[in-house]
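Architecture at a glance
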Amino acid sequence: MTINDILSSIEAGKMTARQAVEAALKKADETSEYAALLSLTSERALNRADEIDAKLEKGEDAGRLAGVPFVAKDNFLAFGAPTTAASKMLENFKAPLQATAVEKLEQAGAICIGKANLDAFAHGGSTENSAFGPTSNAHDKTRVAGGSSGGSAVATALDVVPFTLGSDTGGSIRQPASFNGVIGVKPTYGTVSRYGVVAMASSTDTVGCFAKSVDDAELVMEIMSGRDDKDMTTLGDVMDSAKAVKPVKKIGVISDFMNGDVDNEVLKITEAYVEKMKAAGYEVEPVSMPIIKHSLAMYYIIVPAEVSSNLARYDGVRYGHRAEGIKTLAELYGKSRDEGFVTENKRRIMIGSYVLSSGYFDAYYMKAQKARTKLIDKYKQLFESYDLLVSPTAPTPAFKLGATGDDPVQMYLADAMVVGPSLAGLPAISVPAGDTPDGLPVGVQLIGWRETDRSLFAVARKVEEVANDN
Ligand code: GLN
């Protein structure tokens, strides 16, 4: 069910907001074995639905999303349930405020019904790093959901709700969208306020969404976007409907990601999508950006550096889990952090502290930042000749639960295609492009220059239409 289906049913008097919420809660219950959700905010959601129904009955304006249920990733502060970031550190944390993104959607009449599973503190690409157990893929329970917003992707794919919220710091919306066959949107850096979202890496953190149709995804982004005085990085008018859509003519396929390093089925499906783009009238040709090969190395230095700084506040005194039976302050910090964080959180804190330490700062952190500037320059240069870039979203379809074992590098490799746009602050969306013979979905990533988010939706919609007509 799409947002538009629910809105028109409510408008036609075939369904109430309460019934829409009840149906979502029922579906959440029926699909609980996937472990997509960590908590439900049933009571609050039903009360809000009644308020909206009362408004509608009186003929009042209840908002553009009146009665539409949604789920937020559990690193968004929201009322009605704890905000855990899927960690023991925040297990009992009740939010005193709502994230701006959640608040804006609720002001437009949407109803948050629960919180979705993720890798603890959004560190990971499979949702296996959740302190509360992994989420299963919507198409094959023996496979990963992707991550870190795996729960959100699966909740959309299973039709629990028509849209869900995620955060994308280095692929956490796009990669699980690809793995579960839904649309995943990572906007231009600064499009949506991060206020009230648990910080991971502040120079690449973005708020986006998952949906089943391009129209739905675009509508949700439109409602969430805008300037927020509580997040000074917000831009203001990226999704403004008055903003002209830059017409797209020329599209470049990133050839560095169209080779033997990529799963054969993924290549085939990406090539078929490129053909559809051509059939839709776009001029498409391969482009090479050799520096993209280094983007993973840049990302896994810069992001842990920022993570180590953002996670410093969880010391058991000011924030977070506090260990019991402690004698000294050092022991309190150490034990609280040891108990509250999962292994991957600790790994990133250690890598981050190392690359920021005075002896290694120039060799790692500075070098990575310089390389990042070069990467941005390369994108800038390519976007002078091309209106859009395309690549697979991930090198493989969803892999088996447990497949990466204890090897973090194997997991990091799944991010090869998605971290570039994050480092450069570019908008990128993953659209479902087809299924492998085993029935596993594969997504293709559309990347634009900053603030051309509207164009990505326009191209995705056009390709979808042309493909449907044939
Ligand atoms: N897989 C990436 C990582 O582990 C993405 C994380 C994210 O976007 N939150 O860093």
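Only a predicted model underlies this, so the values are computations on that prediction, with no experimental measurement involved. Once a new chain begins, its residue numbering starts again from 1 and follows that chain's sequence as written. Only residues with pLDDT of at least 70 are given local features in this predicted model, and only at 80 or more are side-chain atom pairs given and counted; all residues enter the totals for whole chains, interfaces and linings. As a convention, hydrogens and water are excluded, and side-chain values are obtained from all of the structure's heavy atoms.

This brings us to the nonpolar core. We define the nonpolar core as a collection of buried residues of types Ala, Val, Leu, Ile, Met, Phe, Trp, Tyr and Cys that are connected through side-chain atoms lying within 4.5 Å of one another. Only protein chains enter the accessibility calculation, which uses a 1.4 Å probe. A residue is then buried if its area is under 20% of the maximum for its type, exposed if over 50%, and partly exposed in between. Counting 112 residues, the largest nonpolar core has L65, L105, F163, L165, M224, M277 and L446 as the members making the most contacts within it. Numbering of helices and strands runs from the N terminus; a helix is a DSSP stretch of H or I covering at least four residues, while a strand is a stretch of E covering at least two. Top element by residues in this core is helix α9 (residues 295-310). It accounts for nine residues. The next biggest cluster of nonpolar side chains, apart from the first, holds 30 residues, and it includes A17, Y34, A49 and V160.

Turning our eyes to something else, we now look at helix α3 (residues 42-57). Spanning 16 residues, α3 covers 22 Å between terminal C-alpha atoms, matching the ideal 22 Å at 1.5 Å per step. Residue contacts follow a heavy-atom distance rule, with two residues in contact if any of their heavy atoms lie within 4.5 Å. Elements in contact with the buried residues of α3: α2 (17-30), α4 (100-107) and β3 (111-116). In a helix, the anticipated span is given by 1.5 Å times the number of residues less one.

Moving on: the packing of helix α7 (residues 214-224) against helix α15 (residues 453-469). Structural elements are reduced to axes, namely lines fitted to C-alpha atoms, with helices fitted over the stretch in contact, and the angle between N-to-C directions of any two is expressed from 0 to 180 degrees. One can describe the packing of α7 onto α15 by two numbers: an axis separation of 10 Å at closest approach and a directional angle of 165 degrees. As the angle between them shows, α7 and α15 are arranged roughly antiparallel. When you trace α7 past α15, the crossing you get is left-handed. Here V214, D215, A217, E218, M221 and E222 of α7 come into contact with α15, specifically with R454, F457, A460, R461 and E464. Looking at the contact of α7 with α15, its residues break down into five nonpolar, no polar and six charged. Each angle is binned into one of four classes, with values under 35 degrees roughly parallel, values over 145 roughly antiparallel, values of 65 to 115 roughly perpendicular, and all other values oblique. In this scheme, a crossing is called left-handed if the near helix is turned counterclockwise away from the far one by less than a right angle; it is called right-handed if the turn is clockwise. Charged residues are taken to be Asp, Glu, Lys and Arg, nonpolar residues to be Ala, Val, Leu, Ile, Met, Phe, Trp, Tyr, Cys and Pro, and polar residues to be all remaining types, Gly included.

Within this document, salt bridges are pairs made up of a side-chain nitrogen of Lys or Arg and a carboxyl oxygen of Asp or Glu, the two lying within 4 Å of each other. For the structure shown, the criterion picks out 27 salt bridges. For E22, the salt bridge goes to R18, with nearest N and O atoms at 3.0 Å. On the criterion of helical spacing, the pair formed by E22 and R18 is a turn pair, its members being four residues apart in helix α2. By relative accessible area, E22 is classed as partly exposed at 35%.

In this section: the pairing of strand β11 (residues 441-447). Counted residue by residue, β11 has seven buried out of seven residues, so it is predominantly covered. The two faces of β11 match: P441, G443, Q445 and I447 on one face and V442, V444 and L446 on the other face are all buried. One requirement defines pairing of two strands: DSSP has to find at least two bridges between them. Looking at chain direction, strand β9 (residues 388-392) and β11 are connected through four bridges and run antiparallel. Along β11, the bridge assignment pairs L389 with I447. Summarising the sheet, strand β10 (residues 428-435) and β11 pair through seven bridges and their orientation is antiparallel. Note that in β11 the partner of S430 across the bridge is Q445. Hairpin connection from β10 to β11: five residues lie between these consecutive antiparallel strands, with G439 at a positive phi of about 80 degrees.

We now examine the site of the ligand. Residues are counted as near a molecule or strand when any one of their heavy atoms sits within 4 Å of it. Taken together, 15 residues lie near the ligand, and T169, G170, S172, Y299 and R348 sit nearest. For the purposes of these results, a polar contact is taken to be a pair of N or O atoms within 3.5 Å, where, inside protein, one atom must be able to donate a hydrogen and its partner to accept one; residues adjacent in sequence count only when each atom of the pair is a side-chain atom. S148 has a polar side-chain atom sitting 3.4 Å from a nitrogen atom of the ligand. Between the ligand and T169 there is a distance of 2.8 Å, counted from an oxygen atom to a backbone nitrogen or oxygen. Calculation of accessible area relied on Shrake-Rupley with a 1.4 Å probe; when residues are assessed, cover is drawn exclusively from the protein chains displayed. Burial of the ligand by the protein amounts to 99% of the accessible area it has alone, namely 300 Å².

What follows covers the environment of D61. Inspection of the secondary structure puts D61 in the loop between α3 and β2 (69-73). Spatially, the C-alpha atom of D61 lies 38 Å from that of S422, the residues being 361 residues apart in sequence. A distance of 2.9 Å separates the side chain of D61 from the backbone nitrogen of G63, its partner in a polar contact.

The next thing to look at is the packing of aromatic side chains. Any Phe, Tyr or Trp ring, taking Trp's six-membered ring, that has another such ring centre within 6.5 Å forms a pair; planes under 30 degrees apart are called stacked, those over 60 apart edge-to-face, and the others tilted. This structure, assessed with the given rule, holds 14 aromatic pairs. With a centroid separation of 4.8 Å and 75 degrees between ring planes, the pair formed by Y299 and Y300 is classed as edge-to-face. The residues Y299 and Y300 share a single accessibility class, namely buried. Measuring from ring centre to ring centre gives 6.4 Å for Y314 and F341, while their planes differ by 90 degrees; the resulting arrangement is edge-to-face. Residue Y314 is located in the loop between α9 and α10 (329-340), and its partner F341 is located in the loop between α10 and α11 (343-356); the two are separated by 27 residues in the primary sequence. Relative accessible area serves as the criterion here: at 6%, Y314 is assigned to the buried category. Linked through ring pairs, F121, Y314, Y319 and F341 together constitute an aromatic cluster. Directly above the ring of Y386 sits K250, whose terminal nitrogen or CZ lies 5.0 Å from the centroid. For K462, the ring lying beneath its charged end belongs to Y282, and the centroid distance is 4.9 Å. Any Lys NZ or Arg CZ that is within 6 Å of a ring centre and within 35 degrees of that ring's normal is treated as a charge sitting over the ring.

Taken in spatial order, the eleven strands make up an open sheet running β1-β3-β2-β4-β6-β5-β10-β11-β9-β7-β8, and their pairing is mixed. Whereas interior strands pair on both sides, the edge strands pair on one side only; in this sheet they are β1 (37-40) and β8 (283-287). This sheet shows a mean twist of 30 degrees between the axes of neighbouring strands, independent of strand direction. Direction of pairing for β2 relative to β3: parallel, over a ladder of five bridges. For V71, the partnering residue across the bridge sits in β3 and is G114. The sheet contacts of helix α5 (residues 150-157) involve β1, β2, β3, β4 (163-168) and β6 (206-211), and relative to β4 the element is tilted by about 155 degrees.

Geometric descriptors of this kind do not, in isolation, establish any biological role.
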